[in-house]
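Each chain is listed here by its residues.
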Amino acid sequence: MSDTPAFLDSGRPPVPDLVVPRGVLPFFLPNRPVRGRLVRLGPLAEALLSRHQNHPVITRLTGQALALAAGLSTALKFRGSFSLQAKGDGPVTMLLADCTDAGELRGYPRADAVRLEALVAANPSPSADALLGTGYLAFTVDQGPDENRHQGIVSIEGGSLAAMALHYFDTSEQLRCFVHLACEKTASGWRAGALILEKIAGAGGIDPALDDQAQEENWRTATTLAATLTDRELLDDNLPPEDLLYRLFHTEGVATSRARALSFGCRCSRARLASILEGFPADDLDHMTVDGDIVMTCEFCNHDFRFPRGGVHGQASTEPRAD
(Lines give C-alpha, C1' and ligand atoms only; values in the text may rest on other atoms or scores of the structure.)
Protein backbone atom coordinates (compact mmCIF):
# COMPACT_ATOMS: atom_id res chain seq x y z
CA MET A 1 0.00 0.00 0.00
CA SER A 2 1.26 3.49 -0.86
CA ASP A 3 2.69 5.67 1.93
CA THR A 4 1.31 8.76 0.19
CA PRO A 5 -1.90 10.10 1.77
CA ALA A 6 -4.83 8.76 -0.20
CA PHE A 7 -6.18 12.18 -1.13
CA LEU A 8 -2.82 13.05 -2.74
CA ASP A 9 -2.15 9.72 -4.44
CA SER A 10 -3.33 10.32 -8.01
CA GLY A 11 -0.83 7.93 -9.58
CA ARG A 12 -1.74 4.88 -11.64
CA PRO A 13 -2.20 1.55 -9.85
CA PRO A 14 0.12 -1.31 -10.92
CA VAL A 15 -1.58 -1.96 -14.27
CA PRO A 16 0.06 -2.44 -17.68
CA ASP A 17 1.60 0.74 -19.13
CA LEU A 18 0.90 -0.36 -22.68
CA VAL A 19 0.49 1.66 -25.89
CA VAL A 20 -0.33 0.31 -29.36
CA PRO A 21 1.00 3.11 -31.61
CA ARG A 22 -1.08 2.18 -34.67
CA GLY A 23 -4.20 0.76 -33.05
CA VAL A 24 -6.61 2.53 -35.41
CA LEU A 25 -5.83 3.15 -39.08
CA PRO A 26 -8.31 5.49 -40.82
CA PHE A 27 -8.66 5.02 -44.57
CA PHE A 28 -10.78 6.05 -47.54
CA LEU A 29 -11.45 4.99 -51.11
CA PRO A 30 -10.40 7.95 -53.31
CA ASN A 31 -13.24 9.54 -55.30
CA ARG A 32 -15.65 7.07 -53.73
CA PRO A 33 -18.27 7.79 -51.01
CA VAL A 34 -16.54 5.44 -48.57
CA ARG A 35 -14.32 5.97 -45.55
CA GLY A 36 -13.45 3.64 -42.70
CA ARG A 37 -11.29 2.59 -39.77
CA LEU A 38 -9.31 -0.58 -39.28
CA VAL A 39 -8.93 -1.34 -35.57
CA ARG A 40 -6.45 -3.87 -34.20
CA LEU A 41 -5.84 -3.88 -30.46
CA GLY A 42 -2.95 -6.34 -30.64
CA PRO A 43 -1.45 -7.07 -27.18
CA LEU A 44 -3.65 -4.36 -25.66
CA ALA A 45 -6.60 -6.75 -25.95
CA GLU A 46 -4.84 -9.32 -23.76
CA ALA A 47 -3.85 -6.64 -21.25
CA LEU A 48 -7.40 -5.33 -20.93
CA LEU A 49 -9.37 -8.55 -21.11
CA SER A 50 -7.17 -10.63 -18.82
CA ARG A 51 -7.81 -8.29 -15.87
CA HIS A 52 -11.08 -10.20 -15.31
CA GLN A 53 -11.52 -13.98 -15.10
CA ASN A 54 -14.66 -14.14 -17.21
CA HIS A 55 -16.09 -16.99 -19.23
CA PRO A 56 -14.65 -16.89 -22.79
CA VAL A 57 -18.04 -16.02 -24.31
CA ILE A 58 -18.15 -12.88 -22.16
CA THR A 59 -14.50 -12.02 -22.83
CA ARG A 60 -15.15 -12.34 -26.55
CA LEU A 61 -18.12 -9.97 -26.36
CA THR A 62 -16.16 -7.48 -24.25
CA GLY A 63 -13.26 -7.51 -26.70
CA GLN A 64 -15.63 -6.75 -29.57
CA ALA A 65 -17.09 -3.85 -27.58
CA LEU A 66 -13.61 -2.44 -26.94
CA ALA A 67 -12.71 -2.61 -30.63
CA LEU A 68 -16.02 -1.00 -31.61
CA ALA A 69 -15.60 1.83 -29.08
CA ALA A 70 -12.06 2.48 -30.33
CA GLY A 71 -13.19 2.60 -33.95
CA LEU A 72 -16.19 4.86 -33.38
CA SER A 73 -14.42 7.27 -31.02
CA THR A 74 -11.63 7.97 -33.49
CA ALA A 75 -14.19 8.99 -36.13
CA LEU A 76 -15.39 11.88 -33.95
CA LYS A 77 -13.95 15.26 -33.04
CA PHE A 78 -14.33 15.74 -29.30
CA ARG A 79 -12.40 16.24 -26.07
CA GLY A 80 -13.38 13.78 -23.39
CA SER A 81 -14.66 10.22 -23.59
CA PHE A 82 -16.84 8.17 -25.91
CA SER A 83 -18.65 5.23 -24.37
CA LEU A 84 -20.66 2.24 -25.51
CA GLN A 85 -23.07 0.75 -22.99
CA ALA A 86 -25.45 -2.16 -23.37
CA LYS A 87 -27.88 -3.08 -20.59
CA GLY A 88 -30.35 -5.91 -20.79
CA ASP A 89 -32.18 -8.64 -18.90
CA GLY A 90 -29.89 -11.44 -20.11
CA PRO A 91 -27.03 -13.17 -18.24
CA VAL A 92 -24.74 -10.25 -19.18
CA THR A 93 -26.58 -7.48 -17.39
CA MET A 94 -24.24 -4.70 -18.52
CA LEU A 95 -21.45 -4.23 -21.06
CA LEU A 96 -19.38 -1.05 -21.03
CA ALA A 97 -16.44 0.16 -23.11
CA ASP A 98 -15.09 3.67 -23.44
CA CYS A 99 -12.27 5.44 -25.21
CA THR A 100 -10.97 8.99 -24.70
CA ASP A 101 -9.93 11.41 -27.42
CA ALA A 102 -6.34 10.42 -26.55
CA GLY A 103 -7.07 6.74 -27.25
CA GLU A 104 -7.21 5.57 -23.63
CA LEU A 105 -9.34 2.43 -23.76
CA ARG A 106 -11.08 0.51 -21.00
CA GLY A 107 -14.16 -1.64 -20.43
CA TYR A 108 -15.83 -4.34 -18.37
CA PRO A 109 -18.93 -6.57 -18.27
CA ARG A 110 -21.27 -7.53 -15.45
CA ALA A 111 -22.85 -10.97 -15.51
CA ASP A 112 -25.12 -13.24 -13.52
CA ALA A 113 -22.98 -16.35 -13.05
CA VAL A 114 -25.89 -18.73 -12.43
CA ARG A 115 -27.86 -17.62 -15.50
CA LEU A 116 -24.72 -17.62 -17.64
CA GLU A 117 -23.90 -21.20 -16.62
CA ALA A 118 -27.40 -22.30 -17.60
CA LEU A 119 -27.18 -20.54 -20.96
CA VAL A 120 -23.77 -21.95 -21.84
CA ALA A 121 -24.87 -25.44 -20.80
CA ALA A 122 -27.70 -25.20 -23.33
CA ASN A 123 -25.61 -23.45 -26.01
CA PRO A 124 -21.79 -23.38 -25.68
CA SER A 125 -21.54 -20.49 -28.17
CA PRO A 126 -24.43 -18.15 -27.38
CA SER A 127 -25.04 -15.11 -29.57
CA ALA A 128 -24.70 -11.56 -28.29
CA ASP A 129 -28.46 -11.10 -28.09
CA ALA A 130 -28.79 -14.28 -26.04
CA LEU A 131 -26.15 -12.95 -23.65
CA LEU A 132 -27.60 -9.44 -23.35
CA GLY A 133 -31.31 -10.19 -23.67
CA THR A 134 -33.86 -7.41 -24.08
CA GLY A 135 -32.63 -3.93 -23.29
CA TYR A 136 -30.91 -0.94 -24.81
CA LEU A 137 -27.66 0.10 -26.49
CA ALA A 138 -26.34 3.61 -25.84
CA PHE A 139 -23.50 5.64 -27.31
CA THR A 140 -22.41 8.69 -25.30
CA VAL A 141 -19.93 11.52 -25.82
CA ASP A 142 -18.98 13.13 -22.51
CA GLN A 143 -16.86 16.27 -22.79
CA GLY A 144 -16.85 17.15 -19.11
CA PRO A 145 -19.05 19.13 -16.72
CA ASP A 146 -18.95 22.32 -18.82
CA GLU A 147 -20.41 20.69 -21.93
CA ASN A 148 -23.68 18.91 -22.61
CA ARG A 149 -23.45 15.16 -23.02
CA HIS A 150 -24.50 13.80 -26.38
CA GLN A 151 -26.23 10.43 -26.18
CA GLY A 152 -28.10 8.15 -28.55
CA ILE A 153 -30.12 5.17 -27.29
CA VAL A 154 -31.81 2.36 -29.20
CA SER A 155 -33.28 -0.99 -28.26
CA ILE A 156 -31.04 -4.03 -28.58
CA GLU A 157 -31.79 -5.51 -32.01
CA GLY A 158 -29.70 -8.07 -33.90
CA GLY A 159 -27.93 -11.31 -33.11
CA SER A 160 -24.41 -9.87 -32.87
CA LEU A 161 -22.86 -6.72 -31.42
CA ALA A 162 -22.06 -5.62 -34.98
CA ALA A 163 -25.72 -5.99 -35.96
CA MET A 164 -26.76 -4.04 -32.86
CA ALA A 165 -24.43 -1.20 -33.84
CA LEU A 166 -25.80 -1.20 -37.38
CA HIS A 167 -29.33 -0.96 -35.98
CA TYR A 168 -28.22 2.10 -33.99
CA PHE A 169 -26.73 3.81 -37.05
CA ASP A 170 -29.75 3.01 -39.17
CA THR A 171 -32.40 4.22 -36.70
CA SER A 172 -30.63 6.92 -34.69
CA GLU A 173 -28.05 8.46 -37.03
CA GLN A 174 -29.43 7.45 -40.45
CA LEU A 175 -25.94 6.40 -41.50
CA ARG A 176 -25.07 3.61 -43.93
CA CYS A 177 -22.36 1.53 -42.29
CA PHE A 178 -20.60 -1.82 -42.42
CA VAL A 179 -19.23 -3.33 -39.21
CA HIS A 180 -17.10 -6.45 -38.73
CA LEU A 181 -16.02 -7.26 -35.17
CA ALA A 182 -13.78 -10.07 -33.97
CA CYS A 183 -12.23 -11.23 -30.70
CA GLU A 184 -10.56 -14.56 -30.08
CA LYS A 185 -7.93 -16.19 -27.88
CA THR A 186 -4.84 -16.79 -30.02
CA ALA A 187 -1.43 -18.34 -29.35
CA SER A 188 -0.28 -14.83 -28.33
CA GLY A 189 -3.25 -14.17 -26.04
CA TRP A 190 -6.56 -12.40 -26.60
CA ARG A 191 -6.82 -10.29 -29.73
CA ALA A 192 -9.64 -8.01 -30.88
CA GLY A 193 -10.29 -5.91 -33.96
CA ALA A 194 -12.85 -4.14 -36.08
CA LEU A 195 -13.41 -3.02 -39.65
CA ILE A 196 -15.89 -0.16 -39.97
CA LEU A 197 -17.03 1.43 -43.22
CA GLU A 198 -19.23 4.50 -43.57
CA LYS A 199 -21.01 5.82 -46.66
CA ILE A 200 -20.32 9.54 -46.64
CA ALA A 201 -22.81 12.09 -47.86
CA GLY A 202 -22.14 15.20 -49.92
CA ALA A 203 -19.73 15.92 -52.73
CA GLY A 204 -16.52 16.41 -50.76
CA GLY A 205 -13.84 13.98 -51.94
CA ILE A 206 -16.21 12.21 -54.34
CA ASP A 207 -15.74 12.13 -58.10
CA PRO A 208 -18.23 14.75 -59.42
CA ALA A 209 -18.95 12.47 -62.36
CA LEU A 210 -20.55 9.93 -60.03
CA ASP A 211 -24.32 10.27 -59.83
CA ASP A 212 -26.39 8.81 -56.98
CA GLN A 213 -26.74 5.47 -58.72
CA ALA A 214 -22.97 5.20 -59.30
CA GLN A 215 -22.26 6.15 -55.68
CA GLU A 216 -24.65 3.47 -54.50
CA GLU A 217 -22.88 0.93 -56.70
CA ASN A 218 -19.53 2.02 -55.22
CA TRP A 219 -20.91 1.46 -51.73
CA ARG A 220 -22.23 -2.00 -52.60
CA THR A 221 -18.87 -2.92 -54.10
CA ALA A 222 -16.98 -1.70 -51.02
CA THR A 223 -19.17 -3.63 -48.60
CA THR A 224 -18.99 -6.76 -50.76
CA LEU A 225 -15.19 -6.58 -50.69
CA ALA A 226 -15.19 -5.86 -46.93
CA ALA A 227 -17.35 -8.95 -46.36
CA THR A 228 -14.48 -11.14 -47.59
CA LEU A 229 -12.49 -10.25 -44.45
CA THR A 230 -11.94 -13.18 -42.10
CA ASP A 231 -11.52 -13.04 -38.33
CA ARG A 232 -8.13 -14.70 -38.72
CA GLU A 233 -6.89 -11.90 -40.98
CA LEU A 234 -8.27 -9.19 -38.73
CA LEU A 235 -6.54 -10.61 -35.64
CA ASP A 236 -3.22 -11.57 -37.28
CA ASP A 237 -0.38 -9.60 -35.64
CA ASN A 238 1.93 -10.53 -38.50
CA LEU A 239 -0.27 -9.06 -41.24
CA PRO A 240 0.44 -5.31 -41.58
CA PRO A 241 -2.75 -3.21 -41.66
CA GLU A 242 -1.83 -1.59 -44.99
CA ASP A 243 -1.40 -5.03 -46.55
CA LEU A 244 -4.78 -6.11 -45.24
CA LEU A 245 -6.50 -3.01 -46.63
CA TYR A 246 -4.77 -3.51 -49.98
CA ARG A 247 -5.94 -7.13 -50.07
CA LEU A 248 -9.51 -5.98 -49.50
CA PHE A 249 -9.79 -2.85 -51.61
CA HIS A 250 -6.96 -2.68 -54.16
CA THR A 251 -9.40 -2.98 -57.08
CA GLU A 252 -11.10 0.23 -55.93
CA GLY A 253 -7.98 2.03 -54.71
CA VAL A 254 -7.41 2.70 -51.01
CA ALA A 255 -5.54 5.44 -49.15
CA THR A 256 -4.74 5.71 -45.46
CA SER A 257 -4.64 8.63 -43.05
CA ARG A 258 -2.55 9.13 -39.91
CA ALA A 259 -2.81 6.17 -37.55
CA ARG A 260 -4.14 6.68 -34.02
CA ALA A 261 -2.61 5.19 -30.88
CA LEU A 262 -4.55 3.19 -28.30
CA SER A 263 -3.48 2.60 -24.70
CA PHE A 264 -4.47 0.88 -21.46
CA GLY A 265 -6.86 3.53 -20.24
CA CYS A 266 -8.09 2.83 -16.72
CA ARG A 267 -8.26 6.18 -14.95
CA CYS A 268 -8.73 5.02 -11.36
CA SER A 269 -6.54 6.26 -8.49
CA ARG A 270 -6.48 6.18 -4.69
CA ALA A 271 -7.16 9.92 -4.63
CA ARG A 272 -10.32 9.59 -6.72
CA LEU A 273 -11.70 6.69 -4.67
CA ALA A 274 -10.74 8.37 -1.38
CA SER A 275 -12.82 11.41 -2.36
CA ILE A 276 -15.78 9.10 -2.97
CA LEU A 277 -15.39 7.44 0.42
CA GLU A 278 -15.24 10.81 2.17
CA GLY A 279 -18.76 11.48 0.91
CA PHE A 280 -20.22 8.59 2.96
CA PRO A 281 -21.53 8.94 6.52
CA ALA A 282 -19.35 7.37 9.21
CA ASP A 283 -21.91 4.62 9.92
CA ASP A 284 -21.82 3.50 6.29
CA LEU A 285 -18.03 3.46 6.35
CA ASP A 286 -18.13 1.28 9.46
CA HIS A 287 -20.35 -1.23 7.64
CA MET A 288 -17.89 -1.31 4.73
CA THR A 289 -14.95 -2.07 7.00
CA VAL A 290 -13.52 -5.60 7.12
CA ASP A 291 -10.58 -6.34 9.43
CA GLY A 292 -9.88 -2.63 9.83
CA ASP A 293 -9.81 -1.83 6.10
CA ILE A 294 -12.24 -0.61 3.47
CA VAL A 295 -11.57 -2.34 0.14
CA MET A 296 -12.73 -0.77 -3.12
CA THR A 297 -12.24 -2.60 -6.41
CA CYS A 298 -12.05 -0.77 -9.71
CA GLU A 299 -14.50 -2.47 -12.05
CA PHE A 300 -12.39 -1.61 -15.09
CA CYS A 301 -8.91 -2.81 -14.11
CA ASN A 302 -10.01 -5.07 -11.21
CA HIS A 303 -7.39 -3.58 -8.86
CA ASP A 304 -8.14 -3.60 -5.13
CA PHE A 305 -7.55 -0.38 -3.18
CA ARG A 306 -7.28 -0.70 0.60
CA PHE A 307 -8.06 2.21 2.89
CA PRO A 308 -7.48 1.91 6.66
CA ARG A 309 -10.74 2.86 8.35
CA GLY A 310 -8.92 5.27 10.64
CA GLY A 311 -7.74 7.29 7.67
CA VAL A 312 -11.23 7.86 6.23
CA HIS A 313 -13.35 10.36 8.15
CA GLY A 314 -16.50 10.60 6.08
CA GLN A 315 -19.36 13.01 6.66
CA ALA A 316 -20.67 13.83 10.08
CA SER A 317 -24.06 12.36 10.87
CA THR A 318 -26.99 14.80 10.52
CA GLU A 319 -29.44 12.66 12.51
CA PRO A 320 -30.61 14.27 15.77
CA ARG A 321 -29.43 12.63 18.98
CA ALA A 322 -31.94 11.19 21.43
CA ASP A 323 -31.90 12.95 24.81
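See above for the structure.
Residues numbered from 1 in each chain as written. Predicted model: local features only at pLDDT ≥ 70, side-chain atom pairs only at ≥ 80, totals over all residues. Heavy atoms only, no water.

**Some thoughts on the packing of helix 2 (residues 56-73) against helix 5 (residues 161-173)**
Right, so step 1: Orientation of helix 2 relative to helix 5, taken along the N-to-C sense of each, is 35 degrees, at an axis distance of 10 Å. Across from Leu61, Gln64, Ala65, Leu68 and Leu72 in helix 2, the residues of helix 5 making contact are Leu161, Ala165 and Phe169.
Right, so step 2: Across the contact of helix 2 with helix 5, the residue classes break down as seven nonpolar, one polar and no charged. (Axes fitted to C-alpha atoms, helices over the stretch in contact; angles between N-to-C directions. Helix = DSSP H or I, 4+ residues; strand = E, 2+ residues; numbered from the N terminus. Contact = heavy atoms within 4.5 Å. Nonpolar A, V, L, I, M, F, W, Y, C, P; charged D, E, K, R; others polar.)

**Some points on helix 5**
Right, so step 1: Over its 13 residues, helix 5 extends 17 Å from the first C-alpha to the last, a length consistent with the 18 Å expected when each residue adds 1.5 Å.
Right, so step 2: Those residues of helix 5 not exposed but buried are Leu161, Ala162, Met164, Ala165, Tyr168 and Phe169. The arc enclosing the buried residues of helix 5, seen along the axis, measures out at 160 degrees, which places them on a common side.
Right, so step 3: Looking one or two residues beyond helix 5, the residue adopting positive phi is glutamine 174, at roughly 55 degrees. (Expected span 1.5 Å × (residues − 1). Buried < 20%, exposed > 50% of the residue type's maximum accessible area, 1.4 Å probe, protein only. Arc of directions from axis to C-beta.)

**Observations regarding the packing of aromatic side chains**
Right, so step 1: Throughout the structure, instances matching the rule amount to five aromatic pairs.
Right, so step 2: Here tyrosine 168 and phenylalanine 169 contribute two aromatic rings whose centre-to-centre distance is 5.6 Å and whose plane-to-plane angle is 70 degrees, an arrangement assigned as edge-to-face.
Right, so step 3: Residue tyrosine 168 is classed as buried on the basis of its relative accessible area of 5%.
Right, so step 4: Note on phenylalanine 169: relative accessible area 8%, which makes it buried. (Phe/Tyr/Trp six-rings, centres within 6.5 Å; stacked < 30°, edge-to-face > 60°.)

**Brief notes about the state of the cysteines**
Covalently bonding the sulfur atom of one cysteine to the sulfur atom of another cysteine gives a disulfide.
Right, so step 1: Counted by the stated rule, this structure contains zero disulfides.
Right, so step 2: The cysteine cysteine 177 is free of any disulfide, with cysteine 99 supplying the nearest cysteine sulfur at 18 Å.
Right, so step 3: Cysteine 177 sits in the buried class, given a relative accessible area of 17%. (Disulfide = S-S within 2.5 Å.)

**Comments concerning the side chain of glutamate 233**
Right, so step 1: In this fold, glutamate 233 is placed in helix 7 (residues 231-234).
Right, so step 2: Only 2.8 Å separates the side chain of glutamate 233 from the side chain of arginine 247, close enough to count as a polar contact.
Right, so step 3: In contact with glutamate 233, not counting residues within four places along its chain, are Arg40, Thr228, Leu239, Leu244 and Arg247. (Polar contact = N/O pair within 3.5 Å; in protein donor to acceptor, adjacent residues only side chain to side chain.)

**Examining the pairing of strand 9 (residues 189-199)**
Right, so step 1: Counted residue by residue, strand 9 has eleven buried out of eleven residues, so it is predominantly covered.
Right, so step 2: The pairing of strand 2 (residues 34-40) with strand 9 spans seven bridges and is classified as antiparallel. If you follow valine 34 over to strand 9, its bridge partner there is lysine 199.
Right, so step 3: The pairing of strand 8 (residues 177-186) with strand 9 spans ten bridges and is classified as antiparallel. (Pairing = 2+ DSSP bridges.)

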